[in-house]
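As a plain string of letters, each chain reads:
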Amino acid sequence: MAPSTVLAGARVVLPTGIVTDGRVIVEGTRIATASPADAEVIDVRGHWLVPGFVDVHNHGGGGASFSGTADEILTAVRTHRLHGTTTLVASTVTDDMDFLVKQAGLLSELAEQGDLAGIHFEGPFISPCRKGAHSEELLRDPDPQEVRRLIDAGRGRTRMVTLAAELPGGIDSVRLLAEHGVIAAVGHTDATYEQTVQAIDAGATVATHLFNAMPPLGHRSPGPVAALLADERVTVELINDGTHLHPAALELAFRHAGAGRVAFITDAMDAAGIGDGRYMLGPLEVEVSDGVARLVQGGSIAGSTLTLDRAFKRAVTVDRLPVPDVVAALSTNPARLLGLADRVGSLEPGKDADLVLLDEDFDVKGVMRQGAWVVGPQLP
């Protein structure tokens, strides 16, 4: 018989709200409705139990990137699991198309093994005007044939492609992605408001790190931000590290889009979980100082060193967001976006036993993935 564990006494965040003195029953790899008499009972009073975090935009961590070898990819995955991310989409950065196709094959194999939840191609189909930490000489217009090449290279594991829909071929590429069940994300774009509306109508459903790498909100030229915030079909990614967004911008996004349309992401690069130093982001060199990653040449922000547990703590303690709204942004919404809500994203019977144990200061004290402890539990 599969081993059973009862986590008892915590404040449990469920889709219906917070249950005080709650219980989560784990049987094997799943959350169960009842426990046998001989189940192990772990007293977690004074703690929070929340669903495992789901990151749809992540480039690496632990000194390794998703553009590396299989061992390096798994190092990055393990690093983020230690911080509560139990479901993770591997994001690439702009590179040579042949390399991206080859890397997609490796990433898809790891997705088939269950280590990753899929692949996100951020570039090369982005605007040179808003390239951020992407190599300009490798950028290209979103030719639908080349977009299709990346879809096929992922062998059914390509989950999302970020592109600038205003470029030649952009709208046709959005339609192509939508037809193949791949998320079309608007990002690294210089689009107007009208062009962004056209992209959404063509099937785009995600704003890649809203506010960053796109024109700012203007009162005469509202740009992509207004269109992406206003449309109920769009999920907006936010990097809540205190560097990428002013707290007022974060509040604006939550207030306008609502808690049901926000997905916190890390946009993490190699330095996440490691510290300051020199790193590579694709073909570009990055300097990390005081936790902020910037290109050595030009100084553009180059991803982040964020982990989702830090995003959670900041959202609750600095931004003063309600815990259920933060759980939605970290788990429920991104799981739904990926089409995985039947398995992950909330603490409900029948779903994977993916959960995070937090103390009263919202620091991680335990991480469980599919019924096995990755961290802890670290109890007094």
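Structure report, in brief. (Residues numbered from 1 in each chain as written. Predicted model: local features only at pLDDT ≥ 70, side-chain atom pairs only at ≥ 80, totals over all residues. Heavy atoms only, no water.)

1. A word on the overall build of the protein chain
What counts, and what does not: Under the DSSP-based scheme used, a helix requires at least four consecutive residues in state H or I and a strand at least two consecutive residues in state E, with every element numbered from the N terminus. Taken over C-alpha atoms, the radius of gyration is set against a globule rule of 2.2 Å times the number of residues to the power 0.38. Burial classes follow relative accessibility: with a 1.4 Å probe on protein chains only, a residue under 20% of its type's maximum area counts as buried, one over 50% as exposed, and anything between as partly exposed. The contact criterion used throughout is that any non-hydrogen atoms of two residues lie within 4.5 Å. When charges are counted, neither His nor the chain ends are considered; positive counts come from Lys and Arg and negative counts from Asp and Glu. One atom stands in for each charge, and that atom is NZ of Lys, CZ of Arg, CG of Asp or CD of Glu.
Within the protein chain one finds nine helices and 21 strands. Relative to its length of 380 residues, the protein chain is compact, with a C-alpha radius of gyration of 20 Å against a globular reference of 21 Å. If one aligns the C-alpha atoms of the protein chain with their principal axes, the spans along those axes are about 65 × 45 × 40 Å. Per-residue burial for the protein chain yields a buried fraction of 56% across its 380 residues. Contacts in the protein chain between residues far apart in sequence, at least 24 positions, make up 69% of those at least 6 positions apart. Side-chain charges in the protein chain split into 31 positive and 49 negative, and the spacing between the mean points of these groups amounts to 3 Å.

2. Topic: the sheet that holds strand β16 (residues 277–281)
Which entries qualify depends on this criterion: Here, strands pair whenever DSSP counts at least two bridges between them. The convention used is that axes are lines fitted to C-alpha atoms, helices contributing only their stretch in contact, and that angles between N-to-C directions extend from 0 to 180 degrees.
If you trace the three strands from one edge of the open sheet to the other, you get β16-β17-β18, paired in antiparallel fashion. Single-partner strands in this sheet number two, and they are β16 and β18 (292–295). Averaged over all pairs of adjacent strands, the angle between strand axes in this sheet comes to 35 degrees, irrespective of strand direction. Here strand β17 (residues 284–289) runs beside β18; their pairing, made up of four bridges, is antiparallel. Directly across from S289, in β18, lies its bridge partner V292.

3. Examining the packing of aromatic side chains
Applied cut-off: Whether two aromatic rings pair depends on their centres lying within 6.5 Å, for rings of Phe, Tyr and Trp, where Trp uses its six-membered ring; planes under 30 degrees apart make the pair stacked, over 60 edge-to-face, and the rest tilted.
The final tally for this structure, using the stated rule, is four aromatic pairs. On the basis of an interplanar angle of 35 degrees and a centroid distance of 5.8 Å, the ring pair of F53 and F312 is categorised as tilted. On the criterion of sequence distance, the pair formed by F53 in strand β6 (residues 53–58) and F312 in helix α8 (residues 308–317) is long-range, its members being 259 residues apart. When its relative accessible area of 1% is taken as the criterion, F312 is described as buried. A network of ring pairs unites the aromatic residues W48, F53, F312 and F362 as a single cluster.

4. Side note on the pairing of strand β14 (residues 235–239)
The condition that has to hold: By the criterion used throughout, a crossover qualifies as right-handed when its path from the first strand across the helix to the second strand runs clockwise, the strands pointing away from the viewer.
By the criterion of burial, β14 is predominantly enclosed, with five of the five residues buried. Burial along β14 is two-sided: T235, E237 and I239 and V236 and L238, pointing in opposite directions, are all buried. Between the parallel elements strand β13 (residues 206–207) and β14, the chain passes through helix α6 (residues 223–230) in a crossover that is right-handed. When β14 meets strand β15 (residues 262–265), the two strands line up parallel, connected through four bridges. If you follow I239 over to β15, its bridge partner there is I265. For the segment spanning β14, helix α7 (residues 247–257) and β15, crossover handedness is right-handed.

5. Thoughts on helix α9 (residues 323–337)
As a reminder of what qualifies: Residue count minus one, scaled by 1.5 Å, sets the expected span of a helix.
A rise of 1.5 Å per residue sets the reference length of α9, with its 15 residues, at 21 Å; its end C-alpha atoms lie 20 Å apart and thus fit the reference within 8%. Among the residues of α9, V323, V326, V327, A328, A329, L330, S331, N333, P334, A335 and L337 are the ones counted as buried. One or two positions beyond α9, positive phi appears at G339, with a value near 75 degrees.

6. Re the nonpolar core
Heads up, the rule is: For the purposes of this section, nonpolar cores are sets of buried Ala, Val, Leu, Ile, Met, Phe, Trp, Tyr and Cys residues that join through side-chain atoms within 4.5 Å.
Formed by 90 residues in total, the largest nonpolar core has its most connected members in F66, L116, L210, L238, F254, F264 and F312. When residues in this core are grouped by element, the largest group, seven residues, is from α9. When near neighbours in sequence (up to four residues on either side) are disregarded, F66 contacts N58, H59, G60, I73, A76, V77, L88, A90, S91, Q103, L107 and L116. The next biggest cluster of nonpolar side chains, apart from the first, holds 14 residues, and it includes A10, L49, A353 and L357.

7. Concerning the pattern of salt bridges
It is possible for side chains bearing opposite charge to pair when their charged atoms get close. Stated precisely, the cut-off is as follows: Here, a salt bridge means any side-chain nitrogen of Lys or Arg that lies within 4 Å of a carboxyl oxygen of Asp or Glu.
Under the defined criterion, the tally for this structure stands at 19 salt bridges. Between D98 and R149 there is a salt bridge, with its nearest N and O atoms 2.6 Å apart. Pair noted here: D98 is in helix α2 (residues 97–112) and R149 is in helix α3 (residues 144–153), with a separation of 51 residues, a long-range link. A salt bridge links R140 to E146; its shortest N-O distance comes to 2.7 Å. If you follow the salt bridges from partner to partner, you end up with R30, R343 and D352 in one network.

8. So, the packing of helix α4 (residues 170–179) against helix α5 (residues 193–202)
Note the following rule: Here roughly perpendicular refers to angles of 65 to 115 degrees, roughly parallel to angles under 35, roughly antiparallel to angles over 145, and oblique to all remaining angles. Two helices that cross are described as forming a left-handed crossing if the nearer one is turned anticlockwise from the farther one by less than a right angle, and a right-handed crossing if clockwise.
Direction vectors running N to C along α4 and α5 enclose 25 degrees, while the axes themselves pass 8 Å from each other. Judged by the angle between their axes, α4 and α5 are roughly parallel. As α4 runs across α5, the sense of the crossing is right-handed. Here I171, V174, R175 and A178 of α4 lie close against α5, whose contacting residues are Q198, A199 and A202.

9. Section: the side chain of N58
So the rule is basically this: Here a polar contact means two N or O atoms within 3.5 Å. Within protein one must be a hydrogen donor candidate and the other an acceptor candidate, and residues neighboring in sequence count only if both atoms are side-chain atoms.
Mapping N58 onto the fold places it in strand β6. Among the polar contacts listed, one links the side chain of N58 to the backbone nitrogen of G60, at a separation of 2.9 Å. Among the polar contacts made by the side chain of N58, one reaches the side chain of T266 at a distance of 3.4 Å.

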